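Here is what each chain is made of, one letter per residue.
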Amino acid sequence: MSDVNITAGPFSHSGASVSRTMGLVMVALLPSTLFGFVQFGWPSIYLFLVTVAAAILAEALCLKLAGKPVKLHLLDGSGILTGWLLAMTLPPWAPWWIGAVGSLIAIMLAKQAFGGLGQNVFNPAMVARTVLLISFPIQMTQFLGPQPIYSGAAPDFIRGLAITFGGHPEIDAITSASLLGTIKTELGRGEVLQQILAQSFDLKNMVIGFAPGSMGETSAILALIGGLFLLATRIITWHIPVAMIGAMSALSGLAHFLDPAHFASPLVHLVSGTFAFAVFFIATDYVTAPGSPLGKIIFGAGVGTLTFIIRTWAAYPEGVAFAILLMNATVPLIDTYIKPRIYGRTRKGDPINLKETSKGEAR
Amino acid sequence: MTKSYREITLEGLWTNTILFSQTLALCPMLAVTGTATNGLGLGLATTAVLVASGLLISLLRNFIEPEIRIPAYVLIIAGLVTIVDLYMNAYLHDLYKILGLFIPLIVTNCAILGRAESFASKARILPSVLDGLMMGVGFTLALVLLGAVREIVGSGTLFSGASLLLGPAFSFLEVTVIPDYPGFLIFILPPGGFIMLSLILVGKRMIDNQFEKARKARQDETDLIGGHITI
Amino acid sequence: MSESELNADTFKAPDGQPDAGNAMRDRIKALYMRYHDNPAYLATVLGGFCLISALILASSYMATLDPIAIRQKEDLQSSLALVIPASLHDNDLVHDAFTIKDTNGARTVYPAYRQGTLTAVAYQVSAVGYGGPILSIIGVDPNGTLLGVEVLQHTETPGLGDRIESKRGDWIKQFSGRSLAEPSEAQWKVKKDGGYFDQLSGATITPRAVVLSVRSGLEFFKAHKDEILTCPDGSCKGNRS
Amino acid sequence: MLAAMGALLALGVLLGGGLGLAAHYLRVEGNPIAGEIEELLPGSNCGQCGFLGCSDAANALAEHSANVTLCPPGGKTLAAALAEKLGVEADLSAMKDTGPMIAFVFEDLCIGCTKCAKRCPTDAIVGASKQIHGVVDDACTGCENCAEVCPTGAITMRKETATIQTWHWPKPELSLAS
Amino acid sequence: MRLFKIKGGIHPDGRKELAENEKIEQIPLPTLMRIPLKQHTGAPANPIVEKGDTVKKGQVLALSRGSVSATIHAPTSGRIIAIGRFVAPHASGLPEPTITLRPDGKDEWGDLPPPLDPFATEPDEIARRVAEAGVVGLGGAAFPAAVKLNLRTRGPLHTLVINAAECEPYITCDDRLMRERAAEILDGVAIICHTIGVTKALIGVEKNKPDAIKALKREAQAQNRYDIKVVEVPTRYPTGFAKHLVQILTGQEVPARALTADVGVIVQNVATTYAIQQAVRLGRPLISRIVTVSGEMIRRKGNFEVPIGTPISHIIEHCGGFIDEPEKLLLGGSMMGDPVSSTRAPVVKGSNGILALGRKETSQKPIMPCIRCTSCVAACPCGLMPYEMAARIKADELESAVDIGLRDCIACGSCSFVCPANIPLVQYFNYAKGSLTAKQRAAHKQEETKRLVQFHDARMEKIKKEKQAAMARMKAEREAKKRKEEQEEATMGSEGVAGVMTEDVISAPDHHKARAKA
């Protein structure tokens, strides 16, 4: 018992902690991550390690510069998680410096420059991904089809090193476009959607993840499993995922219904690109999402809508990252105007009307 | 206005620079500092307008009633910029081809109106001209610094196109700093301007803090001795 | 600026000089004091400023009118020189320019003559790229074969789309020697779209636009070949324009 | 060309006239912020700031000719409030935030001269001539005028004693525990 | 019965098993008792005894003052040995006016008012009796019970709600009371129903007290005067807040700034009900209460009937002291209780528990930055955004924290409980509320100052004028005299003039007294 430093209650605690939260998110990420490793082989493992290591180093450096307790904050796991999430969104055979530069951007520019944990306006992983995409469009759009680590075609330990660290030219030879990229190109050529999909879309493969794409994003089903785990452990709430999926399904469904030759069905949208992954792991990021349940629904619906718009009409085939960043920017506004209703008050903040409540009693 | 020439110089070049202290003129900064050369060009043109507008406004300050000062200043600045634009097009055509797009931007450069309002309208001619010159030089140096950093990080070169701006004699300035650089596009694009500006601001703040610390230390020392030396 | 400051600054007489100027000064001062709060006074001052500015600007405009016209012509000539080798002509391309009306409007054509025979023509083509319109100039010989293509203006992404510029890469050179016959008209696409021409890695939209604009330029030549060729010398210019 | 020049001239005349009219009819008299500042000041006219009274100090503050830290009884809280009102940044780190101070009379030393009571702007000191004086805590503004004039040094400034009614929880430590 | 939902809430580890099976036990009298004059919401009581008086158990020591206040009685017989300031059972550890009593060990009752037959007595009379008995809300807020009973005049009432939720972790005193004295409680419920004029009463008990529920239900069946229902409510903190309990039981939401009486409901704590019954039926004032002693670090856990004024140290000693130095020693539950600043402080009417918590139980971890996880938003039973309020308070924007609902915060601590970053949210809110109150007080003082200065200046002006008048008069006199002298120069010698100055009489100006009343 200490008399000098009195603190107010409560003196019971649920036992929740920042590191526990971050740890559970990492657990939820494991299936997607391991699948990515198997799918894309040694180069993806190297890139993952480089990205996470760079994130930790950048975090430590920034904390030291800012004069904050380095160990405490490194152990909270937020830096590692940022690096991890970023790695999940990178093309699996990208050169090592893509991961390293990305981590520096995510941690230094997007997170610590805003004041560190909890202060950033934009999702660090998405900032890094966007900056990388704009800065290094070539490296950031070189996807490749699955090369399972056990298959004969996959690069072994040493050749993996060469691909990640040596700028190995072989990557150019085997790249293939992601589904969304293919759709965009082919539609641009005047092809009809049904034909494009007949050639390059296999729902089962897309759901499981046997498709070209980023390291951790190809498998919709594993993202869903991770997401359900997060929901079950109450790390995230249903609001953002449901709103995001709902908005995307509604819009793409409507467009597809009106013109199936040019607008992909909701199913294609939901399982392709980074959508499923972002629904559960990126859009639900605490720091950059609104605080109230209704605000979260608006935020999620906004991300879904913008993603559909960008995917359909803008220059980039995939728009989740942009959509999330744009909606991140609206969060302060949402939080200003959308608040939970205070007990005993109307949504506007005036005390509720006495007469109305007395009417309730008449029942 | 009782600022000494030394103070005016110091303010323009370091303590109150347009870009790093007043953080004005961000629009042209974003647009032109993709390369050091472009930064230098716009900086020089802005300096010319700053000096000329300082001179004119200081000269005319007693005729410009406070009520009409803003339109009058805008008129003077816009007129000057138009004249610079015309003569550059006619006689410095190669330079104009690079900077032509940015010259009209100078009109909207609030830093110039800001100096007119806060300095030239209250000061005598010589200090006003000096203020314009120093603010301009400070601005130019800042643009060159930003441009250089963005150019190196963004495309791996330095002062590319300098010979076009300054003449073939200056082609030695054009350096490829990092050969076979893949290019870091965002730093050439406008967002990179913001990012770099923020990083440079951090650097300047750190240097200022060091100065302040040193000054404080000196002060403490003199306090300790009991001397009355003012720094 | 406060009133007192103004007075002190503007109308202060040098100390101890009771000359004739003082009386005059006093009268001006009195006049000023009477009118300087009147809106009409401000209107006069600002109007005066405007008038003087207008005069200066107008005179500057006059003074620079000719030099600017000369510079612009020089610009045009230098870009024309990029697509029509100097060896092909002995005339002044700009001077002999004529316009041809097309369904899309009028297009200025710059013909090159050597010893009176038409050796080539050059004209501008454009298409919308990634960041906005891309303006190019193409040179075509009388057979419809490309002599060269040069991008004049564009707002494509630096480091990515801007590799269509000749000083940033050889990409644009691949058009030289091509015609609508070679490759075939269907092949006038970038490789990604199943055509003949290379794209730039990381950028598809920009090259696609340039290929399209060059092709449309060649189609223009094909459509108006007779009009363009039946002009043995610059004299037809007057008839056509 | 002439049309352009004429347009510019007309614009100048119109704008100049318009601004002149605006200046004439929309003139703002006085400095309204002075009144708001006076509201913030203690209002005891104690004179510690060097001005004749709180009203004069408010005018000086409104004209930015006085420092926001001028009022010792107001302390750091007042300085911060003034800085916010005036939109200036003030370095308040040098100011000690002692909280409100009130006068206290040492009964052993008091000779009952009533000098302090005469100086007190709020009549917070009670006691007749040749009797020991006392301070009405609630009325004392901590201006120190009384302490200055006390011939025997019987008056000192003390922190207002906290009671359960005035006590409140302190702001939590900002630094991260490690 | 249909229950209604409330927002938010948490499920803390109840830890009630530590003490719930310990029967209520009497605490022996200590050697000294400290009875603070303010143990309730409102104005402190006015002492009517003097140092040296001998008092009997139940004798009035201090009378309630003003409309919201409570009378204080002697917890046992003995001698008043001091009336002064003594450390209060309050987080600040500051002293407050306290009567010190040395028990004589006889524990002799004094004259008590006669027992009443409540159902044959006017409600006003019952309320007066409850006020005389010094009964206050024993749930923690210590609001004078009689004032609540008198709310019947405010508007039509339809239901009495008895708050027996006892949602605070560790605390089992109400649980024990219900198990052991259910008949008295039900009698009390009927008395209150009669007093406030309603026929319907709901007793809300959390499901984690099955024995208490059983006991109450049994007694409820036994009585037939009023429609009294024992309602099991879900175990969830903070069900025990009056407004929230009312909403759970009746579905009615009490508007902000209003009382439950405004929606026709009066809420009384179950222990208060017992105290009211005792006051009415037996004429006994509130001089003791049940206190739960619990926590890992206390040797003997239990529920004790403690005379008001017993020092905390005495109870701890009686329970065998600490097993180990506790990390936190609390007065109250682990959610809303306050740290004990000194064990010399006494138990007062509002103290429901003494907890000696170990390190493991308090689980204090380093404070991290807010990650905006919004668990606090989900946990807040009042629909607030605690993280946002704390951020604003941290940035010293107290007014803007009020804009988003600081005043609607009930300081239940649900937000701090769930916060993964261990941010002391409640302390931020307490700080802000206190700081704002201090500001209001300062603003009030400033207004007063201005008024005083005007008085002062006017008086000074008057004195100055009087002096001037006197001077002028004297001058005139002198001159007249001079003239006279000049005239009489030849005949008379000159005389000195002794000027008589008026003496300033300084006395307490009347306007101070006027202010004290205001």
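Thresholds, definitions, all that
- Residues numbered from 1 in each chain as written.
- Chains lettered and ligands numbered in written order.
- Predicted model: local features only at pLDDT ≥ 70, side-chain atom pairs only at ≥ 80, totals over all residues.
- Heavy atoms only, no water.
- Helix = DSSP H or I, 4+ residues; strand = E, 2+ residues; numbered from the N terminus.
- Rg over C-alpha atoms; globule rule 2.2 N^0.38 Å.
- Buried < 20%, exposed > 50% of the residue type's maximum accessible area, 1.4 Å probe, protein only.
- Contact = heavy atoms within 4.5 Å.
- Areas by Shrake-Rupley, 256 points an atom, 1.4 Å probe, with all protein chains shown as cover.
- Lys, Arg positive; Asp, Glu negative; His and termini not counted.
- Charge placed at Lys NZ, Arg CZ, Asp CG, Glu CD.
- Salt bridge = Lys/Arg side-chain N within 4 Å of Asp/Glu carboxyl O.
- Buried area = accessible area lost by both parts, 1.4 Å probe.
- pLDDT = per-residue confidence, 0-100.
- Patch = residues over 30% accessible without salt bridge, like charges linked within 9 Å, V, L, I, M, F, W, Y side chains within 5 Å.
- Pairing = 2+ DSSP bridges.
- Axes fitted to C-alpha atoms, helices over the stretch in contact; angles between N-to-C directions.
- Polar contact = N/O pair within 3.5 Å; in protein donor to acceptor, adjacent residues only side chain to side chain.

Draft legend 1. Inspection of the overall build of chain A at higher detail. Scanning chain A from N- to C-terminus turns up 18 helices and 0 strands. Relative to a compact globule of 363 residues, whose C-alpha radius of gyration would be 21 Å, chain A shows 22 Å and is just as compact. Scored against the burial criterion, the 363 residues of chain A give a buried share of 56%. Within chain A, contacts between residues separated by at least 24 positions form 75% of all contacts whose residues are at least 6 apart in sequence. Here chain A displays about 14,600 Å² of accessible surface, and carbon together with sulfur accounts for 69% of that area. In chain A, the 21 positive side-chain charges and the 17 negative ones have mean positions that sit 11 Å from each other.

Draft legend 2. View of the pattern of salt bridges. The full count for this structure, using the stated rule, is 37 salt bridges over all chains. Ionic pairing is found between Glu318(A) and Arg311(A), a salt bridge with its closest N-O pair at 2.7 Å. We note that Glu318(A), like Arg311(A), is buried. With its nearest N and O atoms 3.3 Å apart, the salt bridge here joins Lys204(B) to Asp208(B).

Draft legend 3. Quick peek at the interface of chain E and chain A. With 64 residues of chain E at the contact, the number on the chain A side is 46 residues. Buried area between chain E and chain A, summed over both chains or domains, comes out near 4,700 Å², and the portion from carbon and sulfur atoms is 57%. Of all residues in chain E, Glu253(E), Ile371(E) and Arg372(E) give up the largest surface area on contact with chain A, accounting jointly for 15% of the area buried on that side. Viewed at the interface, chain A and chain E are joined by 3 salt bridges.

Draft legend 4. Structural detail: the confidence of the model for chain A. Of all residues in chain A, 93% have pLDDT values of 70 or greater, and the mean over the chain is 87. A low-confidence stretch, residues 357–363 of chain A (pLDDT under 50), is modelled with 9 contacts involving residues beyond four sequence positions or located in other chains.

Draft legend 5. Representation of the confidence of the model for chain B in the model. Residue and element names in this part refer to chain B. Residues of chain B with pLDDT of at least 70 account for 95%, and the chain-wide mean is 83. Across chain B, helix H7 (residues 125–155) holds the top mean pLDDT of 91, while helix H8 (residues 162–166) sits lowest at 74. Predicted confidence is poor over residues 227–231, with pLDDT under 50, and the contacts of this stretch with residues over four places away or in other chains come to 4 contacts. Interface confidence for the predicted complex, given as ipTM, is 0.77, next to a pTM of 0.82.

Draft legend 6. Fine view of a nonpolar patch on the surface. Residue and element names in this part refer to chain A. The grouping of Trp96, Phe157, Ile158, Leu161 and Phe165 at the surface amounts to a nonpolar patch, some 470 Å² of accessible area in total. Counting residues per element, the nonpolar patch draws most heavily on helix H7 (residues 157–165), at 4 residues. One can find Leu161 in helix H7. Classification of Leu161 as partly exposed rests on a relative accessible area of 32%.

Draft legend 7. Broad picture of the sheet that holds strand S5 (residues 146–153) of chain C. Residues and elements named next belong to chain C. Strand order across the open sheet formed by 5 strands is S1-S2-S3-S4-S5, with antiparallel pairing between neighbours. Since the sheet does not close on itself, it has two edges, and those belong to strand S1 (98–102) and S5, each with one partner. Across the sheet, the mean angle separating the axes of adjacent strands is 30° when strand polarity is ignored. Each of strand S2 (105–114), strand S3 (117–128), strand S4 (133–140) and S5 touches helix H3 (residues 39–83); the most contacted strand, S5, lies at about 140° to it.

Draft legend 8. Geometry of the environment of Glu466(E). Residues and elements named next belong to chain E. Mapped onto the elements of the fold, Glu466 is located in helix H14 (residues 425–488). In this structure Glu466 comes out as partly exposed when scored by relative accessible area, which is 48%. Spatially, the C-alpha atom of Glu466 lies 58 Å from that of Pro346, the residues being 120 residues apart in sequence.

Draft legend 9. Examining unusual backbone geometry more closely. Of the consecutive residues Glu182(C) and Pro183(C), the connecting peptide bond is found in the cis state with omega at 0°. Residue placement: Pro183(C) occurs in the loop between S5 and helix H4 (205–223). Following Tyr237(E), the chain continues into Pro238(E) via a peptide bond in cis, with omega recorded as 0°. By the element assignment, Pro238(E) lies in the loop between strand S11 (227–233) and helix H6 (242–250). For Arg372(E), which is not a glycine, the phi torsion comes out positive at approximately 55°.

Draft legend 10. Representation of the arrangement of the chains. The interface with the most contacts, out of 8 pairs of chains in contact, is the one formed by chains A and E. Looking at chain B next to chain E, you find no contact at all, with the nearest C-alpha pair sitting 23 Å apart. These two, chain C and chain E, are apart from each other, with no contact and a minimum C-alpha gap of 36 Å.

Draft legend 11. View of the interface of chain D and chain B. Counting residues at the interface gives 4 residues for chain D and 4 residues for chain B. Remark: the boundary between chain D and chain B carries 0 salt bridges. Counting across the interface, chain D meets chain B through 0 residue pairs in polar contact (both at pLDDT 80 or more).

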